[in-house]
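# Per-entry structural report
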Amino acid sequence: MSGQRSIPKSKVARAASLAATGAKIGVNYLKYKGRSGMGDPNARASFHDETAIDTYKAFSKLKGGPLKVAQMLSLDQNLMPDQYIREFSKAQYTAPPLSYPLVVRSFQREFGKKPTEIFDEFSTEAVAGASIGQVHKARKNGKDYAVKVQYPGVADSLDSDLRIVRPLAMALFKLDAETIDPYLGEVKKRLLEETDYAHELRRSVELSKATAEIENVRFPTYYPELSRDKILTMDWIDGLHVDQFAKTDASQEERNQIGQSLWDFYHHQIHELRIFHADPHAGNFIVKDGQLWVLDFGCVKALEPDFYQDYFALMACYQHARESQLDELLERLTLFKVGESVEERNFLRPWIRESIELLGRPFWQEEFDFSDATYLREIFEFGERAKVDPQLQRAQRGRGNPEALYLNRAYFGLYNLEGMLRAKIRISMPGFLKDVA
Amino acid sequence: MPKASTSAAVKAPRGKKSAAQPVKELIEEAYWNYVLEHGQEPASVFKFTKDHGWKEEEFYAHFSTFQAIEKAFWRSFTEETVAIVNGDPDAAEYDARQKLLAFYFTFFEGMLQHRSKLLCRLPRKLESARVISGMTDVFSQFAEAIIAEGRLEGSIAGPSKLDSIYKRGLKLHLLWLLDYYRRDTSSKFEDTDALIEKSVRFFFDAARWSVIESAFDLARFLTPRNNFR
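Described in the following lines is the structure provided in the data block. If you're wondering where the values come from, they're calculated on a predicted model, not measured in any experiment.

### Side note on the side chain of Thr136(B)
Residue and element names in this part refer to chain B. Here Thr136 lies in helix α8 (residues 133-153). Residue Thr136 is classed as buried on the basis of its relative accessible area, which comes to 9%. In this view, Thr136 contacts Lys171 and Leu175; residues no more than four positions away in its chain are not counted.

This is the structure in C-alpha cells:
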C-alpha cells in the first residue's frame, strides 16, 4: 500500500526535547522540594546543577533559535545562575552534529553535486558545531578548507523556535516578558544575519581590508566559487581556540602578544570603523604561530555615531567627576527616563557609576594586567549583587539602550578572554577621549 | 453518471493474474480510483465488478460491502503505523511521550498519500463514524500500551482508575488531530505538526506549573491568528 514509511525522527526529537526538559525539570524540582523541605541549603544548588545539564542537553539538540537564546543569556552573566553559565558556554561551539546524509542533501540542493564531487576529500563527521551550522574539513588540490554547512530550516523555523523557547526560558530563569523579549528580538535579528552567508562573506572581505594594518591579526580567505546560500567555504586554519591556547604553557610574552592583538583588533573596530564583533567568544578566535585568526563574521554590529559619542563621553565624565553633565547624557542614553522621580535617580546613580567605573577601568591606565583575577572577580561580584537587589531589578525594566546591551556584552566578553589569557595589555586611548581628559 | 471510459481506465492487470481472478489489492485500487474520481460509490457491486470483468462473487470473497473496503484501509493504515513505531530500533529507546509523538508524526506523514480519502470520504462527525472503528480500535490498543509504559516510567500519574479515561482521551485526541488536519491549510501542514507537539506536551505534563504553561501555550496557538500565509 505504501512506499517507504518511517518515523520522522527529527520531528519527534524536536517535539520531545523541550517537553522532556519540562518533565525532567519537574522531577528535579520535586526532588529539590523534598530536600529543601528539611532546610537543606545544598538542595537549591544541586537542583540547578542537575537541571542545568539537562537543560543544556535539551537546548543543544535543537540547534538554531533555542540554542542561540541560551548562548546569549549565558553571555549576559547577570541573568543566569552560575551552573547554567558553565553548561551553556560549552554550547558555544560544541553542539551535537547533524548526520552526514543530511549534509550530502544540503550540497545537492545548493550545488547539485555531492561534497565528494566538489572536493577531493570531505570529512563525514563535523569537526565543530555551532548554533546554526557545523564545520567540516575538506581538501582540494592539496589545500585544506573549512566548510560551514548550515542546518536546514534554521532560518524558517526561527519564529516558531523562539515561540517555543520563550515560556521555557521565562520559567527556568525567572525572567519576565519585559526582560526576555528584547533578547528574543535581538536573537531573531542576529540569527537572520548569521544565516545569510552571502552577508558574512561580504563582511569578511570588508573587515579584513579595513583592519589590515593591525599587527598579528589575520583573516581566512573566503571562496565565493565554493560557497552558496547555506554553504560557506574558507581557509582551514590549524591552531588552538583562544581558550585552549590560554591553557597551554605559552610564555607571558606570547600571551601578551595575542591579548594585545585581540585588544587592538577590537578597538580599531569600535573607534575607527564604528562597528564591532558582537560575539566575542573563544570559538571565534584561533591562535596559530603567534598570530590571531578571526573567524565568523556573521554578527558584526554597527555603532550609531550619537550613541558612540554619548557612551564613551559617559566614561570620561565619571572618570573626571564631572557629574553635572551626567544627567543629560544619561537621559540621552535612556538610562534615565524622562519624568521619573528624584528618589529613583538618586537610587540608580551609584549603581550606574559603579558599572561604568568597572567597565572603563582598563582604559585609564597605560597598561592593564588582566592576569589580576581580582578585577574580573569584582565584575562578577558586582553582577551578583545587581542580580539580587530587588529595587534595582524593578528599576531595570524597560530601561537602557539595546545598543548598550550589546556593547557591554562585547566588552565583558573581551575582558573575559583577556582574563583567560592572563595578558598584560597596552591600552591606547581613543583620540577624542584624550581631548576630553 | 459514471463515464463509460472510466472503466476502461482501470489498469488491466499487468500480465500477472487475469482479470477473472481479482486480487484483494486490485479491488481496493479500483474501488478507490472510482470513488475518489466520482465522489461517490459505484452504483452497485454488480456494476462495479461487471465494469472490471470480474464476477460478483469474487468481490464477496474479500469484502462484503463497499464500506468494508474503506474500513479495511483505515484499519490497516493504522496497524502499519503502529508496526513501524514498535518495530523501529531507535524508537525502542523512546519514552511514552516520544512513542506517542512518533505515532502521530508517522501517521500524518503517511496521510499525505491519502489525504483525499480523508477529505472526501469521512463524515463530518468523526466520533460516531463507523468506517474508522477499526482504526480507533487499533489505536486504543496502542494507547493502552503508552499509558502502561507511562505509568512505569512515572510520566503518567494519578489514580489507576483514570486509565480508561486516559485511553478514551487519547482516542479523542487522535480524532481531534485528524479533524484539524483535514481543515489545515498551512504550508506543508506544519500547523498540524505544531498542534501535535503542543497537545502531546499538554497531555503529558504532570508538574503543576508546566500544566498551566502548556495549557496557555496551547490556548494561544488555537486562538484565531492573523494567518498571512
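### So, the sheet that holds strand β5 (residues 217-218) of chain A
Taken together, 4 strands build an open sheet; the order of strands is β5-β10-β9-β7 (chain A) and the sheet is mixed. Each end of this open sheet is capped by a strand with a single partner; those strands are β5 and β7 (240-241) of chain A.

### A closer look at the packing of aromatic side chains
Using the criterion set out here, one finds 40 aromatic pairs over all chains in the structure. Pairing Trp263(A) with Phe370(A) gives two aromatic rings, centres 5.8 Å apart and planes at 50°, and the pair type is tilted. Of the two residues, Trp263(A) is situated in helix α11 (residues 252-273) and Phe370(A) in the loop between β12 (367-369) and α15 (373-388); the sequence distance between them amounts to 107 residues. Take Phe370(A): its relative accessible area is 1%, and that puts it in the buried class. Positioned above the aromatic ring of Tyr181(B) is the side chain of Arg115(B), whose terminal nitrogen or guanidinium carbon lies 4.6 Å from the ring centre. Positioned over the ring face of Phe73(B) is Lys117(B), at 4.7 Å from the centre of the ring.

### Quick look at the packing of helix α2 (residues 24-38) of chain B against helix α5 (residues 66-87) of chain B
Residue and element names in this part refer to chain B. Where α2 contacts α5, the two axes come as close as 11 Å, and the packing angle between them is 105°. Classed by the angle they form, the pair α2 and α5 counts as roughly perpendicular. Side by side, α2 and α5 meet where Ile27, Glu28, Tyr31 and Trp32 of the first sit next to Phe66, Ile69, Glu70 and Phe73 of the second. In terms of residue class, the contact of α2 with α5 is built from 6 nonpolar, no polar and 2 charged.

### Describing helix α10 (residues 190-204) of chain B
Its 15 residues place the ends of α10(B) 21 Å apart at the C-alpha level, agreeing with the 21 Å of an ideal helix rising 1.5 Å per residue. For α10(B), the set of buried residues is Asp191(B), Thr192(B), Asp193(B), Leu195(B), Ile196(B), Glu197(B), Lys198(B), Ser199(B), Val200(B), Arg201(B) and Phe204(B).

### Some words on the pairing of strand β9 (residues 285-288) of chain A
All names here are of chain A. With 2 bridges joining them, β7 and β9 adopt antiparallel strand pairing. Of the residues in β9, the one forming a bridge with Leu240 is Val287. Note that β9 and strand β10 (residues 291-294) share 4 bridges and pair antiparallel. Opposite Lys288, over in β10, you have Gln291 as the bridge partner. In sequence, β9 turns back onto β10 through a hairpin of 2 residues, with Asp289 there showing a positive phi of about 50°.

### Notes on unusual backbone geometry
Despite not being glycine, Asp289(A) shows a phi value in the positive range, around 50°. Following the sequence through the fold, Asp289(A) ends up in the loop between β9 and β10. Under the relative-accessibility criterion, Asp289(A) is labelled exposed at 71%. With phi around 55°, Phe189(B) is a residue other than glycine that occupies positive phi space. Note that Phe189(B) resides in the loop between α9 (163-183) and α10.

### Remarks on the environment of Pro362(A)
All names here are of chain A. Its location among the elements puts Pro362 in the loop between α14 (342-360) and β12. The spatial distance from the C-alpha of Pro362 to the C-alpha of Tyr415 is 9.4 Å, given a sequence separation of 53 residues. Once residues lying within four places of it in the same chain are set aside, the contact partners of Pro362 are Trp263, Phe368, Phe370, Tyr375, Tyr415 and Ile427.

Reading guide: rules and limits
Residues numbered from 1 in each chain as written. Chains lettered and ligands numbered in written order. Predicted model: local features only at pLDDT ≥ 70, side-chain atom pairs only at ≥ 80, totals over all residues. Heavy atoms only, no water. Helix = DSSP H or I, 4+ residues; strand = E, 2+ residues; numbered from the N terminus. Buried < 20%, exposed > 50% of the residue type's maximum accessible area, 1.4 Å probe, protein only. Contact = heavy atoms within 4.5 Å. Pairing = 2+ DSSP bridges. Phe/Tyr/Trp six-rings, centres within 6.5 Å; stacked < 30°, edge-to-face > 60°. Lys NZ or Arg CZ within 6 Å of the ring centre and 35° of its normal. Axes fitted to C-alpha atoms, helices over the stretch in contact; angles between N-to-C directions. Parallel < 35°, antiparallel > 145°, perpendicular 65-115°, else oblique. Nonpolar A, V, L, I, M, F, W, Y, C, P; charged D, E, K, R; others polar. Expected span 1.5 Å × (residues − 1).

Geometry only, nothing functional implied.
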